[in-house]
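What follows is the residue order along each chain.
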Amino acid sequence: MVLKTIALVLYSAALLIALAFGYGWSFGAMLFNINPGALNSFQAGVQRNLSPALWDSIFVPLLQLPAWVIPVALGTLFVLISALRPGKG
Amino acid sequence: MPIRIPRGWEIPESRVTPEALVLGRRRGLALGAGLLAAPATALAQGAPPALPPAMRNTRYAPGRDITDEREATSFNNFYEFGSHKTISRAAQRLPQRPWTVKVEGMVESPREFGIEDLLRFMPLEERVYRLRCVEAWSMVVPWTGFPLSALLDAVRPLGSARYVVFETAAIPAVMPGLRQSWYPWPYIEGCTIEEAANELSFMVVGAYGKPLPPQNGGPIRFHQPWKYGFKAGKSIVRITLTDRRPVSFWERVQPQEYGFWANVNPEVPHPRWSQASERVLGTNARVPTQIFNGYGEFVAALYTGLRNERLWA
C-alpha cells in the first residue's frame, strides 16, 4: 500500500510539473529554474571529481528528458515493485 | 631637491613605440574604411594561417615567468565544451575559419569584420599579461592582439553608448555544452565603455606567437587582466554597444557569486573560497594575489566614486 501511495504521489507530481512548467520542459530546465546554482555546482562536481564522460553520457540525457517523465518513471517503478512483492501492496 | 615620481603613463624615450609600428597602425585605421566594402576574407576550414609579426610591448611586464605553453593550452575553462579543465581536445572541433565578428548597436558605422581583415589592419602587438582565474589559479601568457579601442575607433561609438557586450559563438554541432539547453546561452560578458577604452583592454588573436587555439578562445577573444578570467569572452562573434548594463552568463547562473564588475581583490573572498592567494599554473608556487591583479596603476581610477556596486564579485 505504501509503494502504491508513493507512486500515486509521483504521478500527481508529474501532472503538476506538466501543468506548471509545460509538457516540453526538460528536467534540467526545471531544476535550473528552481535553483540554477545547485545544478551548476552538481555538474561541476561530477565533471571535475568523477568523470566528464559520466556527465555527458548519463546525466545530460536524463536532464534532457521532459520534466514530467522522471516522476512518472519513478512512480511506475514503485508500482512494478509493489506488484512483484507477493502478498503485499 | 624636488622628487619627481613618474605617473603610470610616463615612460622613458627608449620605450617609445617605433615609428614604423605607429605608421602601420595609422595605415590600418585609414584602410579601415575599406573594410566597409571589402567582404570578409573567407578561408577554408582548418588550421588558421600564421600570425603576422607583432612586436612585444614591454610596458606591461608581468613580473613572473611566462607559463609553459603546454600548460596554458591544456588547462582551460570553456563552458561550451564542459565545466572541467580538459576540454582542449573537444575544442579542436570549433572551426576557426571563416570567422567574422559583428560590431553593432550604438555605433555610427556597424560592421562585420572578417578575422583575416582584423589580422591585417589592426595594430597587432604582443603583451605578456597575468591572467587570474576566479578559481584562484593564474597563468602568464604572451598574447598577440590589439587594443579594443582600435576596434571601437573603426565603428565610432555613439555618445550614448555606455556598455560593451561580448557574445561568444554558440554552435551546437561542435559545442557539447550547448546540449544543456537550460543554461542562458550564448555566453555573454560585458564591461563599461570606460573600461573598454582603457589601454589594457585587449582583443586577443594569438598566444605564444601562434594563432590563438580554440581551447583558449580562438580565433579571437577578449582580455582585461585586472578582472577575473570569466569576464573575458572567448571565440567572440558579436560585440554590441548599448546603454543598458548587460546581465552576463554567470550573473544569470550564480548571481550571488559572480557579478558584473569582478575586479580582482585578495581581500574579498569568493563565497566558497579565499581569493588571498593563487596557484601559479605549471609550478608548485602559491603567491599572494594583488588588488586589480597588480594593474591598479592603470585602472584604479576607473572605479573612484562608484558606490553601492559589487566591484569585487
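Cut-off values and rules
- Residues numbered from 1 in each chain as written.
- Chains lettered and ligands numbered in written order.
- Predicted model: local features only at pLDDT ≥ 70, side-chain atom pairs only at ≥ 80, totals over all residues.
- Helix = DSSP H or I, 4+ residues; strand = E, 2+ residues; numbered from the N terminus.
- Buried ≥ 20, exposed ≤ 12 C-beta atoms within 10 Å, placed from the backbone.
- Contact = placed C-beta atoms within 7 Å.
- Rg over C-alpha atoms; globule rule 2.2 N^0.38 Å.
- Domains from an automatic or database assignment.
- UniProt positions renumbered as here; feature names shortened; annotations may be inferred.
- pLDDT = per-residue confidence, 0-100.
- Expected span 1.5 Å × (residues − 1).
- Bend = angle between axes of the 7 residues up to and from the residue.
- Nonpolar A, V, L, I, M, F, W, Y, C, P; charged D, E, K, R; others polar.
- Pairing = 2+ DSSP bridges.
- Axes fitted to C-alpha atoms, helices over the stretch in contact; angles between N-to-C directions.
- Parallel < 35°, antiparallel > 145°, perpendicular 65-115°, else oblique.
- Left-handed = near helix turned anticlockwise from the far one by under 90°.

Further remarks concern the overall build of chain B. On a plain count of helices and strands, chain B comes out with eight helices and 13 strands. Counting across all 313 residues of chain B, residues that qualify as buried make up 42%. Restricting to contacts in chain B with at least 6 residues of sequence separation, those with at least 24 account for 73%.

Turning to the overall build of chain A, a few remarks are in order. Along chain A, the regular secondary structure elements total five helices and zero strands. Each helix (α) and strand (β) of chain A, taken in turn from the N terminus, gives the series α-α-α-α-α. Against the compact-globule benchmark of 12 Å for 89 residues, chain A has a radius of gyration of 16 Å, which places it well outside the compact range. Dimensions of chain A along its principal axes, counting C-alpha atoms only, are 45 × 30 × 15 Å. Put simply, chain A has 89 residues, and 21% of those count as buried.

So, on to the domain arrangement of chain A. Segmentation of chain A into domains returns domain 1 (1-25 + 67-89) and domain 2 (26-65). Each of domain 1 of chain A and domain 2 of chain A has a C-alpha centre, and these two points are 22 Å apart.

Looking at the element boundaries, Gly-145 of chain B is found in strand 5 (residues 137-147). Ignoring anything within four residues of it in the chain, the contact list for Gly-145 of chain B reads Leu-124, Phe-202, Met-203, Val-204, Val-205 and Gly-206 of chain B.

A word on the UniProt feature "domain: Oxidoreductase molybdopterin-binding" (unreviewed entry) in chain B. In the UniProt entry, the feature "domain: Oxidoreductase molybdopterin-binding" (unreviewed entry) is given for residues 96-250 of chain B. Taken end to end, residues 96-250 of chain B comprises 14% helix and 37% strand; its first and last C-alpha atoms sit 25 Å apart.

All names here are of chain B. Taken residue by residue, chain B gives an average pLDDT of 89. The fraction at 70 or more is 85%. The low-confidence segment residues 6-44 (pLDDT under 50) makes 36 contacts with residues lying over four places distant or belonging to another chain. In the predicted complex, the global pTM is 0.84; the interface-specific ipTM is 0.78.

A word on the UniProt feature "transmembrane region" (unreviewed entry) in chain A. The residues that UniProt annotates with the feature "transmembrane region" (unreviewed entry) are residues 65-84 of chain A. Helix makes up 80% of residues 65-84 of chain A and strand 0%. Its end C-alpha atoms lie 27 Å apart.

As a further point, take helix 4 (residues 52-64) of chain A. Between its terminal C-alpha atoms helix 4 of chain A stretches 17 Å, which fits the 18 Å expected from 13 residues at 1.5 Å a residue. When the local axis directions of helix 4 of chain A are compared, the greatest deviation, roughly 30°, occurs at Ile-58 of chain A, which is followed within four positions by the proline Pro-61 of chain A.

All names here are of chain B. Taken from the UniProt record, the annotation "binding site: Mo-molybdopterin" (unreviewed entry) applies to Asn-76, Tyr-79, Glu-80, Cys-133, Thr-168, Asn-216, Arg-221, Ala-232, Gly-233 and Lys-234. Topologically, Ala-232 is positioned in the loop between strand 10 (221-223) and strand 11 (236-242). Not counting the four nearest positions on each side in its chain, Ala-232 is found in contact with Arg-221, Phe-222, His-223 and Gln-224. Discounting residues that sit within four places of it in the chain, Lys-234 has contacts with Phe-78, Thr-168, Gly-217 and Arg-221.

Counting from both sides, the interface comprises 10 residues of chain B and, opposite them, 15 residues of chain A. Here the side of chain B that touches chain A is composed, by residue class, of three nonpolar, six polar and one charged.

A word on the pairing of strand 3 (residues 111-114) of chain B. Residues and elements named next belong to chain B. Across four bridges, strand 2 (residues 100-105) lies against strand 3 in antiparallel orientation. Bridged to Thr-100 within strand 3 is Gly-114. In sequence, strand 2 turns back onto strand 3 through a hairpin of five residues.

Right, let's get into the sheet that holds strand 7 (residues 188-192) of chain B. All names here are of chain B. Strand order in the open sheet formed by five strands is 3-2-11-6-7, with mixed pairing between adjacent strands. For this open sheet the edge positions go to strand 3 and strand 7, each flanked by a neighbour on one side alone. Each strand axis lies, on average, 15° off the axis of its neighbour in the sheet, ignoring direction. Taken together, the five bridges between strand 6 (residues 163-168) and strand 7 define a ladder with antiparallel strand orientation. Across the sheet, Glu-167 pairs through a bridge with Ile-188, a residue of strand 7.

Now for the packing of helix 1 (residues 2-21) of chain A against helix 5 (residues 69-84) of chain A. When two helices pack together, their arrangement is given by the angle between their axes and by how far apart the axes lie. All names here are of chain A. It is at 8 Å that the axes of helix 1 and helix 5 come closest, and there the two elements cross at 165°. Here helix 5 runs roughly antiparallel to helix 1, going by the angle between their axes. Relative to helix 5, helix 1 is oriented so that their crossing is left-handed. Counted together, Leu-3, Lys-4, Ile-6, Ala-7, Leu-10, Tyr-11, Ala-13, Ala-14 and Ile-17 of helix 1 and Pro-71, Val-72, Leu-74, Gly-75, Phe-78, Val-79, Ile-81 and Ser-82 of helix 5 form the full contact between these two elements. Here the residues of the contact of helix 1 with helix 5 are counted per class, giving 14 nonpolar, two polar and one charged.

Turning to the environment of Val-264 of chain B, a few remarks are in order. Residues and elements named next belong to chain B. Within the secondary structure layout, Val-264 lies in the loop between helix 7 (249-253) and strand 12 (277-280). The class for Val-264 is buried, based on 26 C-beta atoms found within 10 Å. Apart from residues no more than four positions distant in its own chain, Val-264 is found in contact with Arg-132, Trp-226, Lys-227, Tyr-228, Thr-289, Ile-291, Phe-292 and Asn-293.

Once that is clear, we can look at unusual backbone geometry. All names here are of chain B. Cis geometry is adopted by the peptide bond preceding Pro-98, which originates at Arg-97 and carries an omega value of -10°. On the secondary structure map, Pro-98 appears in the loop between helix 3 (88-91) and strand 2. Cis rather than trans, the peptide bond between Gly-218 and Pro-219 has omega equal to 5°. Along the chain, the position of Pro-219 falls in the loop between strand 9 (210-211) and strand 10.

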